[in-house]
Amino acid sequence: MSDKKLPPKMTPKEKMATPRQPMREQEPLVRARNFQEVPFGYDEEQAIVEASRCLACGKPKCMEGCPVGNDIPRFLSHIAEGDFAAAARTMKETNLLPAICGRVCPQESQCENMCIIGKKGEPIAIGRLERFIGDWERESGATEVPECAAPTGRAVAIIGSGPAGLACAAELARAGHRVVVYEALQKPGGVLRYGIPEFRLPKAIVDAEIELVEKMGVEIRCNEIIGMTDTIDELLDEEGFDAVFVATGAGLPWFLGIPGENALGVYSANEFLTRINLMGAYRFPEYDTPIQKLKVAATIGGGNVAMDAARTALRVGAERSLIIYRRSREELPAREEEIHHAEQEGVEFHFLTNPLELLADEKTGWLRALKCQRMELGEPDASGRRRPIPVEGSEYEIPLNTAIIAIGNAPNPLIPRTTPDLEVTKRGQVTIDQETMRTSKRGVFAGGDIVRGAATVILAMGDGRRAAAHINEFLANGEW
Amino acid sequence: MPRILKIEVLAPKVRRYVVEAPKIARKRKAGQFVLVCATPTGERIPLTISNADPEAGTINLIVQEVGKTTIEMAALKEGDELTDVVGPLGQPTHIAKVGRVVCVGGGIGIAPLFPIIDAMKQAGNDVTVVLGARNEELLILEDEVRALGVELVICTDDGSKGRKGFVTDVLKEMIAQGPPINEVVTIGPAIMMKFVCEVTRPHAISTLVSLNPIMVDGTGMCGGCRVQVGNEAKFACVDGPEFDGHLVDFDLLMRRQQMYKQQEREALERYEADHTCHLEGV
Ligand SMILES: Cc1cc2nc3c(=O)[nH]c(=O)nc-3n(C[C@H](O)[C@H](O)[C@H](O)COP(=O)(O)OP(=O)(O)OC[C@H]3O[C@@H](n4cnc5c(N)ncnc54)[C@H](O)[C@@H]3O)c2cc1C
Ligand code: FES
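In this text, all values refer to a predicted model and were calculated from it rather than measured experimentally.

Caption draft 1: Region of the structure containing the side chain of H177 of chain A. All names here are of chain A. You can see H177 is positioned in the loop between helix 11 (163-174) and strand 2 (178-182). With relative accessibility at 10%, the residue H177 sits in the buried group. A distance of 2.7 Å separates a polar atom in the side chain of H177 from a polar atom in the side chain of T152. If we ignore the near neighbours within four places in the chain, the residues touching H177 are T152, R154, V156, L172, N472 and L475.

Caption draft 2: A look at the packing of helix 3 (residues 44-52) of chain A against helix 10 (residues 126-139) of chain A. Residues and elements named next belong to chain A. Here helix 3 crosses helix 10 at 140 degrees, and the two axes come no closer than 10 Å. Relative to helix 10, the element helix 3 is oriented oblique. Helix 10 is crossed by helix 3, and the crossing has left-handed handedness. Each of E44, A47, E50 and A51 in helix 3 lies in contact with helix 10, whose residues at this interface are L129, F132 and W136. Tallied by class, residues from the contact of helix 3 with helix 10 come to five nonpolar, no polar and two charged.

Caption draft 3: Highlighting helix 11 of chain A. Residue and element names in this part refer to chain A. Here helix 11 contains twelve residues, and its C-alpha end-to-end distance of 17 Å stays within 8% of the 16 Å for a straight helix at 1.5 Å per residue. Of all twelve residues in helix 11, eleven are buried, a share of seventy percent or more. Buried within helix 11 we find P163, A164, G165, L166, A167, C168, A169, A170, E171, L172 and A173. Within two residues after helix 11, G176 carries a phi angle of roughly 95 degrees, on the positive side.

Caption draft 4: Representation of the sheet that holds strand 1 (residues 4-11) of chain B within the structure. All names here are of chain B. The strand order across the open sheet formed by six strands is 1-2-5-4-3-6, and the pairing between neighbours is antiparallel. One side of each edge strand has no neighbouring strand; the edge strands of this open sheet are strand 1 and strand 6 (84-89). With direction set aside, neighbouring strand axes in the sheet form an average angle of 30 degrees. Examined bridge by bridge, strand 2 (residues 14-20) and strand 5 (residues 58-64) share seven bridges and lie antiparallel to one another. By the bridge assignment, V18 is partnered in strand 5 with N60. Strand contacts of helix 3 (residues 110-122): strand 4 (44-53) and strand 5, with the helix running at about 40 degrees to strand 4, the strand carrying the most contacts.

Caption draft 5: Highlighting the site of ligand 1. Residue and element names in this part refer to chain A. Around ligand 1, the surrounding shell holds 34 residues, and the nearest of these are V104, E183, R200, I226 and D449. Contacts to ligand 1 include A184, whose backbone N or O atom sits 3.1 Å from a nitrogen atom. The contact in question runs from an oxygen atom of ligand 1 to an N or O atom on the backbone of A455, over 3.2 Å. Calculation on ligand 1 without its partners gives an accessible area of 1,000 Å², and the protein chains cover 96% of this total. If you list the elements that add at least two residues to the shell around ligand 1, you get helix 11, helix 16 (304-315) and helix 20 (457-477). With three residues, the single largest contributor to the shell around ligand 1 is helix 16. The residue inventory of the shell around ligand 1, partitioned by class, reads 18 nonpolar, ten polar and six charged.

Reading guide: rules and limits
- Residues numbered from 1 in each chain as written.
- Chains lettered and ligands numbered in written order.
- Predicted model: local features only at pLDDT ≥ 70, side-chain atom pairs only at ≥ 80, totals over all residues.
- Heavy atoms only, no water.
- Helix = DSSP H or I, 4+ residues; strand = E, 2+ residues; numbered from the N terminus.
- Buried < 20%, exposed > 50% of the residue type's maximum accessible area, 1.4 Å probe, protein only.
- Polar contact = N/O pair within 3.5 Å; in protein donor to acceptor, adjacent residues only side chain to side chain.
- Contact = heavy atoms within 4.5 Å.
- Axes fitted to C-alpha atoms, helices over the stretch in contact; angles between N-to-C directions.
- Parallel < 35°, antiparallel > 145°, perpendicular 65-115°, else oblique.
- Left-handed = near helix turned anticlockwise from the far one by under 90°.
- Nonpolar A, V, L, I, M, F, W, Y, C, P; charged D, E, K, R; others polar.
- Expected span 1.5 Å × (residues − 1).
- Pairing = 2+ DSSP bridges.
- Near = heavy atom within 4 Å.
- Areas by Shrake-Rupley, 256 points an atom, 1.4 Å probe, with all protein chains shown as cover.

Dropping the structure here:
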């Protein structure tokens, strides 16, 4: 495009010498008390410089690192040329939700981890560029509603409106099928809506993506719980659907199983985040759903969910927000950026600390302390991580009034419970044929967290797209 | 959005809403509930389906004004819409022919008990019903229960209707006099259910209770509704709401129900302040 000033073409040497472009952010101590998004994103100039650093490797490793095989080199070259529209089109060939994935994917262990420049210096900021393009497209009004094929007369029901369900819905609508998405909650989006907080993923972006899917003709029905309001059998036999995609996510919170977990002031991360993100508790009393007054809040766990909860705790007024984690910093499963942001905002990390008991005030029932034990790292376990072992006699108490349990989720059992011929694993995940994404039940496919256990947005989205292709095939030939 | 077709005042601050919800009306079974959000910025609250008409596609909800949400509901009129109604949720009551069944209801708990009385009777049980209320005015559904053709004993705290005393007094006498009771089903305030369970425990009479903890999603996703049943924490929305009363930790339930008492009071005060202002402005 001619209206943008492009920097002169760089030689490989210059490319290596150009630093990774920083992204401006809200000041840590300011943002720790508000719900606005933390980073501001690249401007056009920064995006072009950053994309120009790409060496255009003959065998692009970054693509191997991407779970959905985004054509990253072509995407980057369009940005370097200033042709953002072409970059957006390239991305959308494989990734429907760049503005979201750019914000929440663990790039440091995927595409950016494989980037050749990263071997010597800092990798290309692929995630930030993905975010830039997604935002550019939305904000410039360039978003095109993908064209849909002529109606096929076939109908598919999708259960769950998280990234897996939405991606599948969009693909199937594009193929001309009638698509209805059923969602148990009052708003669509799955974890993007109720789990990941506003300061990391603004809900306006989720709204825009969902609107696009609706513009493609997809009908989203909230407040309908499949298994209760309707069963899968009824969808297939009575409501006239030809196929069903189960994308119900991993929405059953694990608790620690230690004494005191029912005390007042103890939340699952799901409840804590849902009250705040979905029900608007941070705007109480404008919104009716309350959250207790936080003083000292301890989040137990070390993944993205734990970081989100601990950072949210600060934003709803906790004086101190702690993370309690059994292993050391190296083992934290969260995205590096989230850990970094949490540290900057003043979240206190207690590593090698194992929770033993939640202690409540006997008279009121309110949580008053967490009893912990120090751990040290022993021999590596089956996962290759050094196993934490308790240090004798190291028990101590942390005074607090809020505990948030963020140690993971199991698959939600509502669908398996009400669909007897749907096979699940011992851990409750729906079993599928990896090749075709078919479940044990005719006409029913599954993907996302309900199959994988708690995984990632990009994998869920990828599953949704792949499932759509297999559903198309099934609808075309009717063979099972 | 689900429309309210009819509102009836059953007692002071207690109303029956007939709500359009065709799918739920067809599906629901005794013991199940819905989550209702009355306004777009509202809280989701669980309400038991007290009755339904599958042909008309309506469900009945009986609601007592206790907090901001229910007071807001009380301000709605026939023809108004609720923001959302989701369900039916929870496990249906296990209905079987067991012999002699005593159903004990207290206060607003009589509403969710009603469909269970009906189903127990239809299953061929010999059903006796004990209903308790603070006073005559607060007693609901007397005629409806009587119309089911079951034996009915009423008691009030002040003696203004039926016997003066508590439901537990009546139950104790029934146990003493016989014939033997095979099952007790009780729904009412947690404290009442707790004492009913204490009455039946020494006699090892199986006692079913229906719990009403605070809920958020109703799908097992948040665990906010967890209750302690024996050695296990159960999620009332998907595992319940009915449990073996002899295993339930009622003291914990009562505490957890009070968790947001302070915030609820604040919300209510603000709401009332706003409303008085409006009225004064008229
Ligand atoms: C707090 C938090 C932070 C996270 N951060 C990240 C991150 O930074 N990066 C990342 O890649 N991943 C992250 N994840 C994980 C990621 O969000 C999930 O892997 C992904 O959302 C899974 O998508 P899904 O479509 O399979 O399911 P979900 O997003 O869980 O959506 C499932 C939907 O189905 C609905 N549903 C369930 N049962 C029924 C039913 N019976 N009937 C109708 N509807 C039903 C649910 O209400 C829900 O809306 C995070 C998760 C959480 C909880
Ligand atoms: S209400 Fe959330 S799990 Fe029961």
